[in-house]
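Descriptive analysis of the structure
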Amino acid sequence: MNTEVSVLYFAKSAELTGLKAEDITVPSNISSLQLWQHLETRYPRLSVLRDQVVLAVRQENYQGMAADGGRDLITLTTDKLSADSVSHSVTCPSCGAVSLFIGTTRDNFEGKKVIQLEYEAYSPMAESELRKICSQIRTKWPSVRHINIQHRLGVVPITEASVIIGISSPHRSDSLEAVKYCINTLKATVPIWKKEIYESGEPCWKENKECLWADAGKDPKQS
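Nothing here was measured: the structure is a model prediction, and the numbers come from that model.

1. Here's the deal with the environment of Thr77
Here Thr77 is to be found in strand 3 (residues 72-77). Under the relative-accessibility criterion, Thr77 is labelled buried at 16%. For the pair Thr77 and Gln150, spaced 73 residues apart in the sequence, the C-alpha separation amounts to 7.8 Å. Each residue touching Thr77, except ones within four places of it in the same chain, is listed here: His151, Arg152 and Leu153. At a separation of 3.0 Å, a polar atom in the side chain of Thr77 contacts the main-chain amide nitrogen of Asp79.

Below is the structure:
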């Protein structure tokens, strides 16, 4: 018996296949490895990504608010990000600390002049993974009050923010540690891809050194 599967292509895989999505018919009992082998047969150029493919399952069981009323705010947008807006959204009277992380586009990488970055995401799964990170933070640091994670998609010019994380807590140690954990885990697990555009030379899709597939066979470090 066969079944129809919707395949979505992002970042480098979209460039290699020339597609963003397609529906294919495969055996109903096909495994993830067999599915990938099927795609490689259809598109041999995908073989260069063989060690970078990760199977993930979406889960929709997160409510977005802590038991004590703390807010988990998640935004993926093509609009310019505002640190002031994020800071204001997590500020509350019971908290003496608001910690922010702001990741911006720098103008160089390994001697190459970078003119801009472009980000692409599988938004439903990215949002699900970000909610999971919020839940993990609340387990590790129960005093955390509000969490706001914003990530920009599309073109991000030099010096502009691609990601802003704001976390509030009664005391600074928890919010500082939680922000560090949040950005490191985001880089390791959330399906958001970055393309560097250079002043000269071919653009390049970059993987974060923290990402789970960056070093095949090596356990990711989370801090």
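Right, picking up where we left off after that structure.
2. Some words on helix 4 (residues 123-140)
An α-helix turns once per 3.6 residues; consequently, residues spaced three or four apart project the same way. Helix length check: helix 4, at 18 residues, gives a terminal C-alpha distance of 26 Å against a target of 26 Å (1.5 Å per residue), a fit within 8%. For helix 4, the full list of buried residues reads Met125, Ala126, Ser128, Glu129, Leu130, Ile133, Cys134, Ile137 and Arg138. Looking at the buried side of helix 4, the elements it contacts are strand 3, strand 7 (147-152), strand 9 (161-169), helix 5 (172-189) and strand 10 (192-198).

3. Brief notes about the confidence of the model for the protein chain
In this model, the protein chain carries an average pLDDT of 86, and 85% of its residues clear a pLDDT of 70 or more. Considering only residues more than four positions removed or in separate chains, one finds that residues 57-63, a stretch of pLDDT under 50, has eight contacts.

4. Comments concerning the state of the cysteines
Tallied over the entire structure, the rule returns zero disulfides. Of the cysteine sulfurs around Cys92, a residue in no disulfide, the closest is that of Cys95, at 3.1 Å.

5. What about the pattern of salt bridges?
One pass over the structure, following the stated rule, counts seven salt bridges. In this structure, Lys20 engages Glu120 in a salt bridge whose closest nitrogen and oxygen atoms are separated by 2.9 Å. Placement of the pair is Lys20 in the loop between helix 1 (11-17) and strand 2 (21-27) and Glu120 in strand 6 (residues 112-121), with a sequence separation of 100 residues. The class for Lys20 is exposed, based on a relative accessible area of 52%. Between Lys132 and Glu129 there is a salt bridge; the shortest N-O distance is 3.2 Å. Of this pair, Lys132 and Glu129 both sit in helix 4, three residues apart, which is roughly one turn of that helix. Taking relative accessible area as the criterion, Glu129 reaches 11% and is therefore assigned buried.

6. Details of the side chain of Ser175
Along the chain, Ser175 turns up in helix 5. The residues contacting Ser175, other than those within four sequence positions of it, are Ala97, Ser99, Ile167, Ser168 and Ser169.

7. Describing the packing of aromatic side chains
Tallied over the entire structure, the rule returns four aromatic pairs. Relative to Tyr43, the ring of Tyr9 has its centre 6.2 Å away and its plane inclined at 85°; by these criteria the two rings are edge-to-face. Placement of the pair is Tyr9 in the loop between strand 1 (2-8) and helix 1 and Tyr43 in the loop between helix 2 (32-42) and strand 3, with a sequence separation of 34 residues. Given a relative accessible area of 17%, Tyr43 falls into the buried group.

8. Focus on the nonpolar core
Ile137, Ile149, Ile165, Ile167 and Ile192 are the most contacted members of the largest nonpolar core, which has 29 residues in total. Where this core is concerned, the elements lending two or more residues are strand 6, helix 4, strand 7, strand 9, helix 5 and strand 10. Counting residues per element, this core draws most heavily on helix 5, at six residues. Not counting residues up to four positions away in its chain, the partners in contact with Ile137 are Val144, Ile147, Ile167, Ala178, Tyr181 and Cys182. Counting residues in hydrophobic clusters, the runner-up holds 11 residues, among them Tyr9, Leu16, Ile24 and Trp36.

Calculation criteria
- Residue positions are given per chain, counting from 1 as you read along its sequence in written order.
- Since the coordinates come from a predicted model, pLDDT governs what is reported: local features require at least 70, and pairs of side-chain atoms require 80 or more to be given and counted, while whole-chain, interface and lining totals use all residues.
- Water and hydrogen atoms were dropped before computing side-chain values, which therefore reflect all heavy atoms in the structure.
- The helix count covers DSSP runs of H or I at least four residues long, the strand count covers runs of E at least two residues long, and both are numbered beginning at the N terminus.
- The buried label goes to any residue with under 20% of its type's maximum accessible area, the exposed label to any with over 50%, and the partly exposed label to all in between, with areas taken from a 1.4 Å probe on protein chains only.
- We call two residues contacting when some pair of their heavy atoms lies within 4.5 Å.
- Distance and chemistry together define a polar contact, namely a pair of N or O atoms within 3.5 Å, with one atom able to donate a hydrogen and the other to accept it when in protein, and with adjacent residues in sequence counting only for side-chain atoms on both sides.
- By this rule, a helix spans an expected 1.5 Å times one less than how many residues it contains.
- A score between 0 and 100, pLDDT records how confident the predictor is in each residue.
- Two cysteine sulfur atoms make up a disulfide if the distance between them is within 2.5 Å.
- By convention in these notes, a salt bridge is any Lys or Arg side-chain nitrogen within 4 Å of a carboxyl oxygen on Asp or Glu.
- Note on ring pairs: Phe, Tyr and Trp rings are taken, using the six-membered ring of Trp, and paired if centres are within 6.5 Å. Classes follow the plane angle, with under 30 degrees stacked, over 60 edge-to-face and the rest tilted.
- Only buried residues count toward a nonpolar core, which is a set of Ala, Val, Leu, Ile, Met, Phe, Trp, Tyr and Cys residues joined through side-chain atoms within 4.5 Å.

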